[in-house]
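One letter stands for each residue in the lines below.
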Amino acid sequence: MLNPSQQIMRLGLGFAVSQALRVIVELGIPDLLAVGEQSVDELAAATQSDADALYRVMRLLAPEGVFREVLPRHFELTEVGAVLRSDRPGPGDFVRMINSEAYLAFGQLPYSVRTGKPAFDKVFGSPRFDWLSEHPEQAALFQRAMVALGQGANEAIAEAYDFKTFTRIVDVGGGHGQLLSAILARNPHLSGVLFDLPSGVAAARQGAGGDLPRTEFVAGDFFESVPTGDIYVIKKVIHDWDDAAAATILRNCRKATPPSGKVLVAETLVPAGDEPNQIKGIDVVILAVTGGLERTQAQYAGLFDAAGLRLERVIQTRGPISIVEASAA
Ligand SMILES: C[S@@+](CC[C@H](N)C(=O)[O-])C[C@H]1O[C@@H](n2cnc3c(N)ncnc32)[C@H](O)[C@@H]1O
(Lines give C-alpha, C1' and ligand atoms only; values in the text may rest on other atoms or scores of the structure.)
Protein backbone atom coordinates (compact mmCIF):
# COMPACT_ATOMS: atom_id res chain seq x y z
CA MET A 1 0.00 0.00 0.00
CA LEU A 2 1.50 3.32 -1.06
CA ASN A 3 1.45 6.21 1.35
CA PRO A 4 0.08 9.56 0.06
CA SER A 5 3.50 10.88 -1.01
CA GLN A 6 4.26 7.66 -2.85
CA GLN A 7 0.87 7.79 -4.56
CA ILE A 8 1.59 11.31 -5.79
CA MET A 9 5.08 10.24 -6.94
CA ARG A 10 3.52 7.40 -8.91
CA LEU A 11 1.04 9.76 -10.56
CA GLY A 12 3.79 12.27 -11.31
CA LEU A 13 5.82 9.61 -13.10
CA GLY A 14 2.96 8.67 -15.43
CA PHE A 15 4.81 10.05 -18.43
CA ALA A 16 7.61 7.49 -17.94
CA VAL A 17 5.23 4.57 -18.45
CA SER A 18 3.61 6.29 -21.39
CA GLN A 19 6.91 6.94 -23.21
CA ALA A 20 8.28 3.51 -22.29
CA LEU A 21 5.25 1.95 -24.00
CA ARG A 22 5.92 4.05 -27.07
CA VAL A 23 9.54 2.86 -27.18
CA ILE A 24 8.73 -0.82 -26.98
CA VAL A 25 6.06 -0.48 -29.69
CA GLU A 26 8.44 1.46 -31.96
CA LEU A 27 11.14 -1.17 -31.45
CA GLY A 28 8.67 -3.95 -32.25
CA ILE A 29 9.34 -5.77 -28.95
CA PRO A 30 5.78 -7.20 -28.71
CA ASP A 31 6.23 -8.75 -32.19
CA LEU A 32 9.57 -10.29 -31.22
CA LEU A 33 8.01 -11.79 -28.09
CA ALA A 34 5.05 -13.22 -30.02
CA VAL A 35 6.99 -16.48 -30.49
CA GLY A 36 7.74 -16.84 -26.76
CA GLU A 37 10.01 -15.49 -24.03
CA GLN A 38 13.38 -14.01 -24.91
CA SER A 39 16.33 -12.53 -23.13
CA VAL A 40 16.90 -8.81 -23.17
CA ASP A 41 20.23 -9.44 -24.90
CA GLU A 42 18.44 -11.17 -27.79
CA LEU A 43 15.83 -8.41 -27.97
CA ALA A 44 18.48 -5.70 -27.88
CA ALA A 45 20.48 -7.40 -30.65
CA ALA A 46 17.35 -7.75 -32.81
CA THR A 47 16.42 -4.09 -32.34
CA GLN A 48 19.91 -2.55 -32.31
CA SER A 49 19.32 -1.19 -28.83
CA ASP A 50 21.39 -0.92 -25.70
CA ALA A 51 20.58 -4.05 -23.69
CA ASP A 52 20.82 -2.42 -20.26
CA ALA A 53 18.66 0.54 -21.27
CA LEU A 54 16.09 -1.74 -22.88
CA TYR A 55 16.05 -3.88 -19.74
CA ARG A 56 15.27 -0.85 -17.60
CA VAL A 57 12.38 0.13 -19.84
CA MET A 58 10.95 -3.41 -19.84
CA ARG A 59 11.43 -3.72 -16.08
CA LEU A 60 9.30 -0.59 -15.68
CA LEU A 61 6.51 -2.02 -17.83
CA ALA A 62 6.46 -5.51 -16.28
CA PRO A 63 4.71 -4.52 -13.03
CA GLU A 64 2.28 -2.48 -15.13
CA GLY A 65 1.16 -5.79 -16.63
CA VAL A 66 2.74 -5.55 -20.09
CA PHE A 67 5.48 -8.20 -19.65
CA ARG A 68 6.40 -10.93 -17.20
CA GLU A 69 10.05 -11.30 -16.21
CA VAL A 70 10.09 -15.10 -16.18
CA LEU A 71 13.84 -15.39 -15.43
CA PRO A 72 16.27 -12.59 -14.65
CA ARG A 73 16.43 -10.39 -17.80
CA HIS A 74 14.10 -12.75 -19.72
CA PHE A 75 10.62 -11.48 -20.59
CA GLU A 76 7.44 -12.86 -22.03
CA LEU A 77 4.35 -11.02 -23.24
CA THR A 78 1.26 -10.95 -21.07
CA GLU A 79 -2.26 -10.93 -22.47
CA VAL A 80 -2.21 -7.14 -22.03
CA GLY A 81 1.12 -6.72 -23.82
CA ALA A 82 -0.08 -8.95 -26.66
CA VAL A 83 -2.53 -6.27 -27.84
CA LEU A 84 0.56 -4.28 -28.89
CA ARG A 85 1.54 -6.84 -31.54
CA SER A 86 1.43 -5.31 -34.99
CA ASP A 87 -0.18 -8.36 -36.62
CA ARG A 88 -3.51 -7.54 -35.01
CA PRO A 89 -5.40 -4.27 -34.96
CA GLY A 90 -4.82 -2.75 -31.58
CA PRO A 91 -3.77 0.25 -29.58
CA GLY A 92 -0.07 0.19 -30.51
CA ASP A 93 -0.64 2.85 -33.17
CA PHE A 94 -2.59 4.92 -30.65
CA VAL A 95 0.30 4.69 -28.16
CA ARG A 96 2.74 5.88 -30.85
CA MET A 97 0.46 8.66 -32.09
CA ILE A 98 -0.37 10.10 -28.70
CA ASN A 99 3.26 9.97 -27.55
CA SER A 100 4.77 11.78 -30.52
CA GLU A 101 3.74 15.33 -31.47
CA ALA A 102 0.68 15.29 -29.20
CA TYR A 103 3.01 14.52 -26.29
CA LEU A 104 5.26 17.45 -27.15
CA ALA A 105 2.24 19.76 -27.18
CA PHE A 106 1.13 18.29 -23.88
CA GLY A 107 4.44 19.39 -22.36
CA GLN A 108 2.99 22.91 -22.65
CA LEU A 109 -0.23 22.04 -20.79
CA PRO A 110 0.33 24.93 -18.34
CA TYR A 111 -0.09 27.32 -21.30
CA SER A 112 -3.41 25.68 -22.21
CA VAL A 113 -4.64 25.85 -18.64
CA ARG A 114 -3.74 29.52 -18.35
CA THR A 115 -5.23 30.54 -21.69
CA GLY A 116 -7.78 27.84 -22.55
CA LYS A 117 -6.03 27.61 -25.95
CA PRO A 118 -4.40 24.57 -27.60
CA ALA A 119 -0.67 24.40 -26.82
CA PHE A 120 -0.20 22.45 -30.05
CA ASP A 121 -0.60 25.61 -32.15
CA LYS A 122 2.04 27.40 -30.07
CA VAL A 123 4.52 24.51 -30.20
CA PHE A 124 4.06 23.54 -33.86
CA GLY A 125 3.01 26.89 -35.35
CA SER A 126 -0.27 25.61 -36.80
CA PRO A 127 -3.43 23.85 -35.59
CA ARG A 128 -3.33 20.09 -35.25
CA PHE A 129 -5.27 19.12 -38.37
CA ASP A 130 -3.49 21.72 -40.55
CA TRP A 131 -0.18 20.32 -39.29
CA LEU A 132 -1.30 16.76 -40.05
CA SER A 133 -2.24 17.82 -43.59
CA GLU A 134 1.39 18.82 -44.08
CA HIS A 135 2.81 15.64 -42.49
CA PRO A 136 1.38 12.68 -44.43
CA GLU A 137 3.21 9.99 -42.42
CA GLN A 138 1.87 11.33 -39.14
CA ALA A 139 -1.58 11.76 -40.71
CA ALA A 140 -1.55 8.11 -41.78
CA LEU A 141 -0.49 7.07 -38.25
CA PHE A 142 -3.31 9.22 -36.85
CA GLN A 143 -5.84 7.41 -39.06
CA ARG A 144 -4.45 3.99 -38.01
CA ALA A 145 -4.73 5.06 -34.37
CA MET A 146 -8.37 6.02 -34.95
CA VAL A 147 -9.05 2.59 -36.48
CA ALA A 148 -7.51 0.98 -33.38
CA LEU A 149 -9.63 3.12 -31.06
CA GLY A 150 -12.75 2.31 -33.05
CA GLN A 151 -12.41 -1.49 -32.80
CA GLY A 152 -15.73 -2.73 -31.48
CA ALA A 153 -17.08 0.78 -30.88
CA ASN A 154 -18.05 1.33 -34.51
CA GLU A 155 -19.81 -2.03 -34.72
CA ALA A 156 -21.64 -1.15 -31.50
CA ILE A 157 -22.88 2.14 -33.02
CA ALA A 158 -23.98 0.40 -36.22
CA GLU A 159 -26.04 -2.11 -34.26
CA ALA A 160 -27.54 0.38 -31.78
CA TYR A 161 -29.33 2.63 -34.28
CA ASP A 162 -32.14 1.82 -36.69
CA PHE A 163 -31.20 3.25 -40.10
CA LYS A 164 -34.20 1.66 -41.92
CA THR A 165 -36.02 4.85 -42.91
CA PHE A 166 -32.99 6.66 -44.37
CA THR A 167 -31.41 6.43 -47.82
CA ARG A 168 -28.14 8.38 -47.86
CA ILE A 169 -25.79 8.56 -44.91
CA VAL A 170 -22.96 11.08 -44.67
CA ASP A 171 -20.09 10.28 -42.31
CA VAL A 172 -18.70 13.72 -41.48
CA GLY A 173 -15.02 13.51 -40.54
CA GLY A 174 -15.36 9.78 -41.15
CA GLY A 175 -11.61 9.37 -41.71
CA HIS A 176 -10.60 5.76 -42.39
CA GLY A 177 -14.29 4.80 -42.85
CA GLN A 178 -14.59 2.06 -40.23
CA LEU A 179 -17.92 3.35 -38.88
CA LEU A 180 -19.44 3.86 -42.33
CA SER A 181 -18.26 0.39 -43.34
CA ALA A 182 -19.99 -1.18 -40.32
CA ILE A 183 -23.23 0.75 -40.98
CA LEU A 184 -23.31 -0.04 -44.71
CA ALA A 185 -22.67 -3.74 -44.06
CA ARG A 186 -25.80 -3.90 -41.87
CA ASN A 187 -27.93 -1.66 -44.09
CA PRO A 188 -27.76 -2.72 -47.74
CA HIS A 189 -30.48 -0.18 -48.62
CA LEU A 190 -28.20 2.76 -47.68
CA SER A 191 -25.69 4.56 -49.85
CA GLY A 192 -22.87 6.39 -48.12
CA VAL A 193 -20.72 9.48 -48.35
CA LEU A 194 -17.34 9.50 -46.66
CA PHE A 195 -16.45 13.14 -46.03
CA ASP A 196 -13.11 14.20 -44.58
CA LEU A 197 -9.92 16.09 -45.29
CA PRO A 198 -7.85 14.59 -48.14
CA SER A 199 -5.73 12.52 -45.68
CA GLY A 200 -8.83 10.90 -44.17
CA VAL A 201 -10.36 10.21 -47.55
CA ALA A 202 -7.08 8.67 -48.74
CA ALA A 203 -7.06 6.25 -45.78
CA ALA A 204 -10.70 5.30 -46.44
CA ARG A 205 -10.07 4.74 -50.15
CA GLN A 206 -7.23 2.39 -49.26
CA GLY A 207 -9.67 0.36 -47.15
CA ALA A 208 -8.05 1.28 -43.81
CA GLY A 209 -11.37 0.90 -41.98
CA GLY A 210 -12.95 -1.86 -44.08
CA ASP A 211 -15.01 -2.24 -47.26
CA LEU A 212 -17.00 0.76 -48.41
CA PRO A 213 -19.48 -0.36 -51.07
CA ARG A 214 -22.04 2.15 -52.45
CA THR A 215 -19.84 4.99 -51.18
CA GLU A 216 -18.94 8.36 -52.60
CA PHE A 217 -15.65 9.77 -51.29
CA VAL A 218 -15.67 13.53 -50.84
CA ALA A 219 -12.69 15.58 -49.63
CA GLY A 220 -13.58 18.95 -48.16
CA ASP A 221 -13.76 21.21 -45.14
CA PHE A 222 -16.70 20.80 -42.77
CA PHE A 223 -16.39 24.44 -41.72
CA GLU A 224 -17.39 25.37 -45.29
CA SER A 225 -20.12 22.86 -46.09
CA VAL A 226 -20.93 19.15 -46.00
CA PRO A 227 -22.46 16.92 -48.71
CA THR A 228 -26.23 16.39 -48.71
CA GLY A 229 -27.82 13.37 -47.12
CA ASP A 230 -30.80 12.43 -44.95
CA ILE A 231 -28.75 11.14 -42.03
CA TYR A 232 -25.41 12.34 -40.67
CA VAL A 233 -23.02 10.54 -38.37
CA ILE A 234 -20.26 12.58 -36.75
CA LYS A 235 -18.13 10.42 -34.53
CA LYS A 236 -15.32 11.71 -32.33
CA VAL A 237 -15.19 14.92 -34.34
CA ILE A 238 -17.21 17.42 -32.32
CA HIS A 239 -14.97 16.77 -29.29
CA ASP A 240 -12.01 18.19 -31.24
CA TRP A 241 -13.54 21.69 -31.35
CA ASP A 242 -14.58 24.50 -29.06
CA ASP A 243 -18.26 25.44 -28.92
CA ALA A 244 -18.20 28.05 -31.69
CA ALA A 245 -16.40 25.76 -34.17
CA ALA A 246 -18.49 22.72 -33.18
CA ALA A 247 -21.71 24.68 -33.71
CA THR A 248 -20.53 25.68 -37.21
CA ILE A 249 -20.01 22.02 -38.18
CA LEU A 250 -23.43 21.04 -36.81
CA ARG A 251 -25.11 24.02 -38.49
CA ASN A 252 -23.60 22.94 -41.82
CA CYS A 253 -25.12 19.48 -41.31
CA ARG A 254 -28.51 20.99 -40.54
CA LYS A 255 -28.37 23.15 -43.68
CA ALA A 256 -27.55 20.16 -45.90
CA THR A 257 -30.28 17.84 -44.68
CA PRO A 258 -34.08 17.89 -45.27
CA PRO A 259 -36.35 18.75 -42.29
CA SER A 260 -36.92 15.05 -41.65
CA GLY A 261 -33.15 14.37 -41.53
CA LYS A 262 -31.23 13.40 -38.42
CA VAL A 263 -27.81 14.29 -37.10
CA LEU A 264 -26.14 11.67 -34.93
CA VAL A 265 -23.24 12.80 -32.81
CA ALA A 266 -21.33 9.77 -31.52
CA GLU A 267 -19.18 10.64 -28.53
CA THR A 268 -18.35 9.41 -25.06
CA LEU A 269 -20.33 11.57 -22.64
CA VAL A 270 -18.54 12.88 -19.57
CA PRO A 271 -20.28 11.31 -16.57
CA ALA A 272 -21.11 13.36 -13.50
CA GLY A 273 -19.11 12.72 -10.36
CA ASP A 274 -15.66 11.57 -9.41
CA GLU A 275 -15.51 8.05 -10.78
CA PRO A 276 -12.50 7.24 -12.94
CA ASN A 277 -13.21 7.39 -16.66
CA GLN A 278 -10.71 7.41 -19.51
CA ILE A 279 -12.64 10.21 -21.18
CA LYS A 280 -11.42 12.64 -18.52
CA GLY A 281 -7.82 11.96 -19.61
CA ILE A 282 -8.67 12.30 -23.29
CA ASP A 283 -10.46 15.56 -22.50
CA VAL A 284 -7.30 17.15 -21.08
CA VAL A 285 -5.17 15.87 -23.97
CA ILE A 286 -7.68 17.40 -26.38
CA LEU A 287 -7.49 20.71 -24.52
CA ALA A 288 -3.76 20.89 -25.28
CA VAL A 289 -3.80 19.35 -28.73
CA THR A 290 -6.86 20.63 -30.60
CA GLY A 291 -8.52 23.05 -28.18
CA GLY A 292 -11.66 20.90 -28.04
CA LEU A 293 -13.41 19.31 -25.09
CA GLU A 294 -15.35 16.26 -24.01
CA ARG A 295 -18.93 17.19 -23.07
CA THR A 296 -21.81 16.16 -20.88
CA GLN A 297 -25.24 15.44 -22.32
CA ALA A 298 -26.39 18.92 -21.24
CA GLN A 299 -23.46 20.52 -23.08
CA TYR A 300 -24.42 18.67 -26.29
CA ALA A 301 -28.01 19.89 -25.88
CA GLY A 302 -26.66 23.47 -25.66
CA LEU A 303 -24.50 22.98 -28.76
CA PHE A 304 -27.45 21.68 -30.75
CA ASP A 305 -29.49 24.74 -29.72
CA ALA A 306 -26.74 27.01 -31.00
CA ALA A 307 -26.77 25.13 -34.33
CA GLY A 308 -30.55 25.22 -34.86
CA LEU A 309 -30.95 21.57 -33.87
CA ARG A 310 -32.87 19.88 -31.06
CA LEU A 311 -31.59 16.96 -28.99
CA GLU A 312 -34.12 14.13 -29.47
CA ARG A 313 -32.65 11.29 -27.45
CA VAL A 314 -29.45 9.63 -26.29
CA ILE A 315 -28.81 5.99 -27.13
CA GLN A 316 -26.09 4.27 -25.10
CA THR A 317 -24.30 1.70 -27.26
CA ARG A 318 -22.83 -1.43 -25.71
CA GLY A 319 -19.46 0.35 -25.90
CA PRO A 320 -18.39 3.57 -24.20
CA ILE A 321 -19.91 5.71 -26.96
CA SER A 322 -23.35 7.29 -26.89
CA ILE A 323 -25.35 8.32 -29.92
CA VAL A 324 -26.79 11.78 -29.35
CA GLU A 325 -29.58 12.17 -31.90
CA ALA A 326 -30.75 15.56 -33.13
CA SER A 327 -33.25 16.94 -35.66
CA ALA A 328 -33.87 20.40 -37.02
CA ALA A 329 -35.32 22.61 -34.27
C1 LIG B 1 -10.68 12.33 -34.16
S2 LIG B 1 -10.83 12.00 -35.88
C3 LIG B 1 -12.27 10.98 -35.93
C4 LIG B 1 -12.32 10.12 -37.16
C5 LIG B 1 -13.48 9.12 -37.19
N6 LIG B 1 -14.77 9.78 -37.25
C7 LIG B 1 -13.40 8.19 -36.03
O8 LIG B 1 -14.31 8.14 -35.20
O9 LIG B 1 -12.39 7.48 -35.92
C10 LIG B 1 -11.37 13.54 -36.55
C11 LIG B 1 -11.51 13.54 -38.06
O12 LIG B 1 -11.91 14.84 -38.49
C13 LIG B 1 -11.25 15.13 -39.71
N14 LIG B 1 -11.22 16.59 -39.91
C15 LIG B 1 -10.52 17.50 -39.19
N16 LIG B 1 -10.74 18.74 -39.66
C17 LIG B 1 -11.59 18.61 -40.72
C18 LIG B 1 -12.19 19.54 -41.61
N19 LIG B 1 -11.95 20.86 -41.50
N20 LIG B 1 -13.04 19.08 -42.56
C21 LIG B 1 -13.29 17.74 -42.67
N22 LIG B 1 -12.73 16.80 -41.85
C23 LIG B 1 -11.89 17.23 -40.88
C24 LIG B 1 -9.88 14.51 -39.51
O25 LIG B 1 -9.19 14.33 -40.71
C26 LIG B 1 -10.23 13.21 -38.80
O27 LIG B 1 -10.43 12.16 -39.70
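Residues numbered from 1 in each chain as written. Predicted model: local features only at pLDDT ≥ 70, side-chain atom pairs only at ≥ 80, totals over all residues. Heavy atoms only, no water.

A.B. asks: I'm lost on the nonpolar core in this one. Help?
C.D. replies: Where a protein is soluble and globular, its nonpolar side chains tend to be buried together. The biggest cluster of nonpolar side chains holds 40 residues, and the ones touching the most others in it are Val172, Ile238, Leu250 and Val263. With residues near it in sequence (within four places) discarded, Leu250 still touches Ile234, Ile238, Val263, Val265, Leu303, Phe304, Ala307 and Leu309. Membership of the second largest hydrophobic core comes to 24 residues, among which are Ala158, Leu180, Leu194 and Val201. (Core = buried A, V, L, I, M, F, W, Y, C linked by side-chain atoms within 4.5 Å. Buried < 20%, exposed > 50% of the residue type's maximum accessible area, 1.4 Å probe, protein only. Contact = heavy atoms within 4.5 Å.)

A.B. asks: Would you explain the UniProt feature "domain: O-methyltransferase C-terminal" (unreviewed entry) in the chain in this entry?
C.D. replies: Here the UniProt-annotated "domain: O-methyltransferase C-terminal" (unreviewed entry) positions come out as residues 108-309. Helix makes up 47% of residues 108-309 and strand 14%. Its end C-alpha atoms lie 36 Å apart. (UniProt positions renumbered as here; feature names shortened; annotations may be inferred. Helix = DSSP H or I, 4+ residues; strand = E, 2+ residues; numbered from the N terminus.)

A.B. asks: What should I look at first to understand the site of the ligand in this one?
C.D. replies: In the vicinity of the ligand there are 18 residues, among which Gly173, His176, Asp196, Asp221 and Lys235 approach most closely. Here an oxygen atom of the ligand and a side-chain polar atom of Asp196 are 2.6 Å apart. When the ligand is considered free in solution it has 590 Å² of accessible area, and contact with the protein chains removes 95% of it. When residues in the shell around the ligand are grouped by element, the largest group, three residues, is from helix α12 (residues 136-150). Of the residues contributing to the shell around the ligand, the split by class is seven nonpolar, six polar and five charged. (Near = heavy atom within 4 Å. Polar contact = N/O pair within 3.5 Å; in protein donor to acceptor, adjacent residues only side chain to side chain. Areas by Shrake-Rupley, 256 points an atom, 1.4 Å probe, with all protein chains shown as cover. Nonpolar A, V, L, I, M, F, W, Y, C, P; charged D, E, K, R; others polar.)

A.B. asks: So what exactly am I meant to see when it comes to the packing of helix α2 (residues 14-27) against helix α5 (residues 51-61) here?
C.D. replies: Axis angle and axis distance: for two packed helices, these are the angle between their axes and the distance between the axes, and together they describe the pair. Put simply, α2 and α5 touch, their axes get as near as 10 Å, and they point 120° apart. With respect to α5, the axis of α2 lies oblique. Crossing geometry of α2 relative to α5 is assigned as left-handed. Counted together, Ala16, Val17, Ala20, Leu21, Ile24 and Leu27 of α2 and Leu54, Val57, Met58, Leu60 and Leu61 of α5 form the full contact between these two elements. Of the residues contributing to the contact of α2 with α5, the split by class is eleven nonpolar, no polar and no charged. (Axes fitted to C-alpha atoms, helices over the stretch in contact; angles between N-to-C directions. Parallel < 35°, antiparallel > 145°, perpendicular 65-115°, else oblique. Left-handed = near helix turned anticlockwise from the far one by under 90°.)

A.B. asks: What should I look at first to understand the packing of helix α13 (residues 153-160) against helix α14 (residues 178-186) in this one?
C.D. replies: The N-to-C vectors of α13 and α14 enclose an angle of 40°; their axes lie 8 Å apart at closest approach. Looking at the two axes, α13 sits oblique to α14. Judged by the sense of rotation from one axis to the other, the crossing of α13 with α14 is right-handed. When α13 is examined against α14, the residues Asn154, Glu155, Ile157, Ala158 and Glu159 are found in contact with a partner set consisting of Gln178, Leu179, Ala182, Ile183 and Arg186. Looking at the contact of α13 with α14, its residues break down into five nonpolar, two polar and three charged.

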